[in-house]
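For reference, the chains in residue letters:
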Amino acid sequence: MPKIEENMFQNDPSKAESRAHKPKTPGQSQENKSFCLDDHSAESRPEVLSVTDLIETVNEVSKLSIAHEIMVNQDFCMEESILPPNSLEGRFMETMYNAFWDHLKEQLLSTPPDFTCALELLKEVKEILLSLLLPHQNRLRNEIEDALDMDLLKQEAEHGALDVPHLSNYILNLMTLLCAPVRDEAVQKLESMTDPVQLLKGIFHVLGLMKMDMVNYTIQSLRPYLQEHSVQYEQAKFQELLDKQPGLLDCTTKWLTKAATDLTTSSPSSLGSPSSSSLDHSPPNWATNNSEIPNPTMVLYQGYLNLLLWDPDNDDFPESSLFQKTLLMDRIRLQEMESQLHQLTILASVLLVARSFSGNVLFSSPEFVNKLKCITKALTKEFNSRPQETMVSVSEQLSWEIQQGLKDMDLTALSSENTSSLKGQLQNIAKKENCVRNIIDQRIRLFLKCCLVRGMQESLRDFPGGLSLIEGELAELGWKFFNLMHHNQQVFSPYYAGILRNIISPAQAQETEMESV
C-alpha cells in the first residue's frame with residue numbers, strides 16, 4: 001500500500017509577551033530486561049525501567065512534546081516530506097512505490113482484471129475521506145458509506161463489473177468539495193488524467209496533502225484550548241514521569257545550585273561597561289548586591305541565562321544533562337539561541353570597530369549598515385571552526401567597503417595607517433579575550449537577563465549602549481528567550497521552588513520567597 005509521509009517543521013516562537021507537586025515513589029517493576037531512560041552521575045542511582053515502563057514513558061514524552069511544541073511555536077505545522085532523490089532512503093522508497101503501481105497496472109490489464117489491489121486502495125481512500133469530515137457532516141458521511149460500500153464493491157469485482165473510472169470521478173468530486181482552496185488546482189489536474197493507475201496515484205498524493213491540511217486546521221483549532229490549559233497539562237505529564245523516575249530532578253538541583261553560586265560570586269563589573277550610555281546609572285540591585293541573600297527568582301533567571309553558556313563537551317556542566325529533564329523539549333531551541341547570541345556578539349563587535357574608524361556620518365546610512373551586516377553574516381558562518389581566517393576575510397572586505405563608502409559620500413578616505421589599524425582590530429575579534437568582544441557579550445547577556453527581570457517592553461525602551469546597530473536582531477532573540485523561559489517558569493516553578501528552598505536556608509527563603517507566577 002502507498003504510504004503517505006508527513007513531517008513536522010518548526011520555526012521560531014511568535015513575539016507575544018506571555019502572561020507543589022511532591023514526588024511519589026513508584027513501585028518497582030520486575031518485567032523482562034531493564035533499561036535506564038537517561039544518564040546520571042555516579043553519585044545518584046538511576047531509576048531502572050522495564051521494557052513496558054520504557055515504552056509508556058516514551059509515549060508520554062511524545063504526547064508532552066507535541067503539546068509543548070504547539071504551545072511555544074506559533075508556526076508549528078505539518079508539511080510534506082520530500083526525500084532527497086539521490087539519497088538511499090529516497091531511492092528505496094521510489095523503487096517500492098514504482099513496484100506497487102506497476103503491480104496494480106498489471107492486475108488491471110490482466111484478463112480478466114484482478115481488482116485485489118484496487119479494492120485495498122479504495123478502502124484506504126474511503127477511510128481518508130471519512131477522516132476529513134467534520135463531526136456535523138453526517139449526511140455526507142452516509143453518502144460516502146453507501147457509494148464506497150466495500151462489500152458491494154467486492155461483489156462487483158468478483159463479477160468483473162467494478163467501474164474504477166466511475167469511482168475515481170466520484171472521489172474527485174468529493175475531493176473538490178472537501179479540499180482547501182490551496183488544493184483546488186491539484187484536484188483539477190487530476191480530472192484531466194485518463195490512465196486509471198496514474199489517476200489513483202495522483203489521488204493518493206493529493207489526499208495526503210488534504211490530510212496534512214486537516215491536521216494543521218486541527219492544530220490551529222486546539223491552540224486556544226492548549227494556551228488555556230497547557231501549564232496544567234505539562235505539569236501533570238511531568239509529574240507522571242517524575243513518579244516513575246524520582247531522580248529526574250537531580251541534575252536540575254545541580255543546575256540551580258550552580259546558578260545560586262554564580263549569582264553570589266559574580267563581579268558587578270562583569271555585567272556592564274563604563275562606556276555604556278544607557279547603563280551609566282547604577283546597575284540593578286540583582287546585579288550588584290551580591291552580599292545580600294540570593295533571591296530565588298533571581299537564581300532561576302541566572303540559571304536560565306546559564307543555558308546560553310552550556311558546553312556540550314563538558315560533562316561537569318549541569319546544563320548539558322539538564323536538557324534531558326525540565327528543558328528536554330527546548331534543547332534545540334536553546335542551542336539555536338546560544339548560536340545566535342554568539343553570532344550577534346561577533347556582528348556587533350565588528351560593526352562597533354568599523355564605526356569607530358569610519359565615523360557616524362557613514363554609519364547614519366541604513367543601507368550602508370545593512371550592507372556591512374550582510375557581508376559580515378555571510379563571512380562569519382564558519383567562525384567557530386576557522387576564527388582567524390574568517391576575521392582576516394572580514395577585515396579585508398569591510399575595509400574596502402568602508403573606503404568605498406567614504407569615497408561615495410565625498411568624505412576623507414582612511415589613511416594607510418588607519419586602514420592597517422582597522423584590519424588589525426577586526427582580526428583581533430577572533431580572540432576570546434578581545435576586550436570589545438567581551439564587553440559586547442556581557443551587554444547582550446545583561447540585556448537578556450533584564451528581559452526576564454523587567455519584562456520585554458521596559459527592556460526595549462532602555463536598550464544597552466553599543467548594541468543599537470543590532471537592535472532588531474537582539475530584540476528578536478530577546479522575545480524568543482523571554483517567551484520560552486516564561487513558559488518554562490510557569491510549568492516548572494513548583495518544582496524549582498521546592499529545590500530552591502533546599503538550596504537557600506529556610507530562614508533566608510522566608511525573607512525572599514519566589515515570586516508567584
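Residues numbered from 1 in each chain as written. Predicted model: local features only at pLDDT ≥ 70, side-chain atom pairs only at ≥ 80, totals over all residues. Heavy atoms only, no water.

Looking at an unreviewed UniProt entry, the chain carries the name T-complex protein 11 homolog isoform X1, with the source organism given as Mustela putorius furo. Recorded in UniProt for the chain, the comment headed Sequence similarities (unreviewed entry) runs: "Belongs to the TCP11 family." (UniProt positions renumbered as here; feature names shortened; annotations may be inferred.)

## A closer look at the overall build of the chain
When helices and strands are tallied, the chain shows 21 helices and 4 strands. Relative to its full complement of 517 residues, the chain shows a buried share of 44%. About 27,100 Å² of surface is accessible on the chain, with carbon and sulfur atoms providing 52% of the total. (Helix = DSSP H or I, 4+ residues; strand = E, 2+ residues; numbered from the N terminus. Buried < 20%, exposed > 50% of the residue type's maximum accessible area, 1.4 Å probe, protein only. Areas by Shrake-Rupley, 256 points an atom, 1.4 Å probe, with all protein chains shown as cover.)

## What about the pattern of salt bridges?
Evaluation of the coordinates by the stated rule reveals 15 salt bridges. Measuring nitrogen to oxygen at the nearest pair gives 3.9 Å for the salt bridge that ties Lys237 to Glu240. Of this pair, Lys237 and Glu240 both sit in helix α8 (residues 196–244), 3 residues apart, roughly one helical turn. For Arg454, the salt bridge goes to Asp462, with nearest N and O atoms at 3.3 Å. (Salt bridge = Lys/Arg side-chain N within 4 Å of Asp/Glu carboxyl O.)

## Looking at the nonpolar core
Ranked by size, the top nonpolar core spans 73 residues in total, and within it Tyr304, Ile444, Leu448 and Met485 carry the most contacts. For this core, the element with the highest residue contribution is helix α20 (residues 471–503), accounting for 13 residues. Not counting residues within four places of it along the chain, the set of residues in contact with Tyr304 comprises Trp255, Leu452, Phe481, Met485, Asn488, Gln489 and Tyr496. Counting 42 residues, the second-largest nonpolar core is a separate cluster that includes Cys117, Leu178, Leu199 and Leu207. (Core = buried A, V, L, I, M, F, W, Y, C linked by side-chain atoms within 4.5 Å. Contact = heavy atoms within 4.5 Å.)

## A look at the packing of aromatic side chains
Given two aromatic rings, their pairing is described by the distance between the two centres and the angle made by the two planes. Summed over the entire model, instances satisfying the criterion amount to 11 aromatic pairs. Ring centres of Phe238 and Phe492 lie 4.9 Å apart, and the angle between their planes is 85°; on these two criteria the pair is classed as edge-to-face. Within this pair, whereas Phe238 is found in helix α8, its partner Phe492 is found in helix α20, the two being separated by 254 residues in sequence. The buried category is assigned to Phe238, whose relative accessible area is 3%. Ring geometry for Phe363 against Phe368: centres 5.8 Å apart, planes inclined by 80°, an arrangement best described as edge-to-face. Accessibility expressed as a relative area gives 8% for Phe363, which makes it buried. By way of ring pairs, the aromatic residues Phe238, Trp255, Tyr304, Phe492, Tyr495 and Tyr496 are connected into one cluster. (Phe/Tyr/Trp six-rings, centres within 6.5 Å; stacked < 30°, edge-to-face > 60°.)

## Some thoughts on unusual backbone geometry
Residue Pro112 is bonded to the preceding Thr111 through a cis peptide linkage, with omega at -5°. Among the secondary structure elements, Pro112 is positioned in the loop between α2 (88–109) and α3 (116–131). Of note, the phi angle at Asp410 is positive, near 55°, even though the residue is not glycine. Structurally, Asp410 can be placed in the loop between α16 (387–408) and α17 (416–428).

## Examining helix α6 (residues 164–178)
For α6, spanning 15 residues, the distance from its first C-alpha to its last is 21 Å, which sits close to the expected 21 Å at 1.5 Å a residue. Two or three places before His166, at the opening of α6, Asp163 has a side-chain oxygen 3.2 Å from that residue's backbone nitrogen. (Expected span 1.5 Å × (residues − 1). Polar contact = N/O pair within 3.5 Å; in protein donor to acceptor, adjacent residues only side chain to side chain.)

## Here's the deal with the side chain of Thr380
You can see Thr380 is positioned in the loop between α15 (366–379) and α16. A distance of 2.6 Å separates a polar atom in the side chain of Thr380 from the backbone oxygen of Thr376. For Thr380, the contacting residues outside a window of four places in its chain are Ile346, Thr390 and Val394.

## Notes on the packing of α6 against helix α7 (residues 184–191)
Between α6 and α7, the least distance of the axes is 10 Å, while the angle of their chain directions is 165°. Taken together, α6 and α7 sit at an angle that is classed as roughly antiparallel. As for how α6 packs across α7, the hand of that crossing is left-handed. Along its contact with α6, which presents Leu172, Met175 and Thr176, the element α7 presents Val187, Leu190 and Glu191. (Axes fitted to C-alpha atoms, helices over the stretch in contact; angles between N-to-C directions. Parallel < 35°, antiparallel > 145°, perpendicular 65-115°, else oblique. Left-handed = near helix turned anticlockwise from the far one by under 90°.)

## Looking at the environment of Lys431
Relative to the elements of secondary structure, Lys431 occurs in the loop between α17 and α18 (435–454). It is 9.9 Å that separates the C-alpha atoms of Lys431 and Met391, two residues lying 40 residues apart in sequence. Setting aside residues up to four positions removed in sequence, Lys431 forms contacts with Gln388 and Arg437.

## Notes on the packing of helix α13 (residues 331–358) against α18
Two elements in contact, α13 and α18, have axes whose closest approach is 9 Å; the angle formed by their N-to-C orientations is 125°. The pairing of α13 with α18 is recorded here as oblique in orientation. For the pair α13 and α18, the crossing hand works out as right-handed. Residues Leu341, His342, Leu344, Thr345, Ile346, Ala348, Ser349, Leu352 and Val353 of α13 pack against Val436, Arg437, Ile440, Asp441, Ile444, Arg445 and Leu448 of α18. Looking at the contact of α13 with α18 residue by residue, the class counts come to 10 nonpolar, 3 polar and 3 charged. (Nonpolar A, V, L, I, M, F, W, Y, C, P; charged D, E, K, R; others polar.)

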